[in-house]
Amino acid sequence: MNYKTKKTLSRTAVYIICIIATFLVLFPFFLVILTSFKSVEEAAIVDLSMPKQILWENFSYVMEQGNLLRAFKNSLLITGCSVLLTVLVSSVTAFVLTRRSDKLSKVLSNYFLIGMIAPLALIPEVIIVKMIGLSGTYLSIILIHVAARMPLSIMIYSGVVKGIPRSLDESAMLEGCGFFRMFFQVVFPLLKPAIFTNVIIVFMGVWNDFQISLYFVTDIAKNTVPLSIYSFVGYMTYKWNYVCAFIVLSILPILIVYCCAQKYIVDGMIAGAVKN
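This is a predicted model, so every value here is computed, not measured.

Caption draft 1: How the structure looks around empty space enclosed by the protein. Applying the stated criterion across every chain yields a total of one cavity of 30 Å³ or more. By volume, the largest cavity is sized at about 30 Å³. If you go around the largest cavity, the residues you meet are Ser75, Ile78, Thr79, His145, Val206, Trp207, Ser213 and Thr224. Those elements giving two or more residues to the lining of the largest cavity turn out to be helix H4 (68-99) and helix H10 (192-207). For the lining of the largest cavity, the element with the highest residue contribution is H4, accounting for three residues. Partitioning the lining of the largest cavity into residue classes produces three nonpolar, five polar and no charged.

So this is what it looks like as structure tokens:
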């Protein structure tokens with residue numbers, strides 16, 4: 001078997017694997033979309049058959065019965081604040097840890113690295129939240145999300161900061177800039193690829209989170225989108241057309257964000273990997 005034949009076979013195998021993987025991802029998504037337009041009787045038989053009549057009223061029904069707008073408001077508040085705080089705190093932390101070379105910075109870098117593999121300790125978090133009087137508040141959920149996503153965010157920013165020359169920092173300081181002015185006017189704009197990547201990753205993670213919201217949301221009026229879906233499934237058991245309509249509406253924001261900014265994910269992940 002010559003080289004050209006081997007290359008053709010390997011490329012064909014890669015294409016087959018990609019097609020199978022695409023099918024496994026798109027099949028449930030397509031099934032949910034089809035079911036969301038069906039009647040209750042049609043949705044009871046889970047298959048890929050086309051609906052006899054497209055029922056757009058399924059979506060208006062779930063928006064009213066499932067309090068979807070309220071869930072959207074709660075999720076947007078929690079997700080937006082979590083993304084903003086994560087970007088600001090993680091970028092500053094990564095810059096300081098990368099620029100310093102003492103033992104303390106190395107210890108802290110390893111500490112955050114451990115945070116990427118350590119499981120989320122829910123019981124201590126619940127105790128701490130109650131001790132500081134934040135139980136059942138939006139702030140407690142936001143702070144937990146920020147803490148949980150800081151390790152990966154710091155790693156992403158550190159890779160980019162290492163590729164930024166120290167001479168830029170020194171020049172800005174010589175011109176009279178303080179630390180924060182130097183960082184936000186000189187360094188922060190250069191972190192653009194990593195910022196886009198971090199925003200997308202944190203946004204998707206917080207928006208789709210179920211576990212943290214389940215344990216720390218104590219008021220039904222503060223339910224996020226995943227919690228609302230969970231409650232709605234229990235309320236609409238066997239009415240899968242309404243459940244699927246709820247799911248379709250809930251994933252639209254994250255789908256739009258991902259489709260518009262997906263090209264920045266790869267750029268941000270490889271930024272700083274190679275020094276010029």
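Caption draft 2: Representation of the layout of surface pockets. Looking at the largest pocket, its volume works out to about 710 Å³. Lining the largest pocket are 29 residues, and of these Leu120, Glu125, Ile144, Ala147 and Ala148 sit closest to its centre. Listed by contribution, the elements that provide at least two residues to the lining of the largest pocket are helix H5 (103-115), helix H6 (122-131), helix H7 (138-161) and H10. Counting residues per element, the lining of the largest pocket draws most heavily on H7, which supplies ten residues. Grouping the amino acids of the lining of the largest pocket by side-chain chemistry returns 22 nonpolar, five polar and two charged. Around the second largest pocket, the lining residues are Leu97, Thr98, Ser109, Phe112, Leu113, Met116, Pro151, Ile154, Met155, Ser158 and Lys162. Within the residue set of the lining of the second largest pocket, elements represented by two or more residues are H4, H5 and H7. Per element, the largest residue contribution to the lining of the second largest pocket is four residues, and it comes from H7. When the residues that make up the lining of the second largest pocket are grouped by side-chain class, the tally is seven nonpolar, three polar and one charged.

Calculation notes
- Residues numbered from 1 in each chain as written.
- Predicted model: local features only at pLDDT ≥ 70, side-chain atom pairs only at ≥ 80, totals over all residues.
- Heavy atoms only, no water.
- 1 Å grid on protein atoms, 1.4 Å probe; cavity = no way out; pocket = protein on both sides within 12 Å on 5 of 7 lines; lining within 4 Å.
- Points joined across faces, edges and corners; volume = space filled by probe spheres on them.
- Helix = DSSP H or I, 4+ residues; strand = E, 2+ residues; numbered from the N terminus.
- Nonpolar A, V, L, I, M, F, W, Y, C, P; charged D, E, K, R; others polar.

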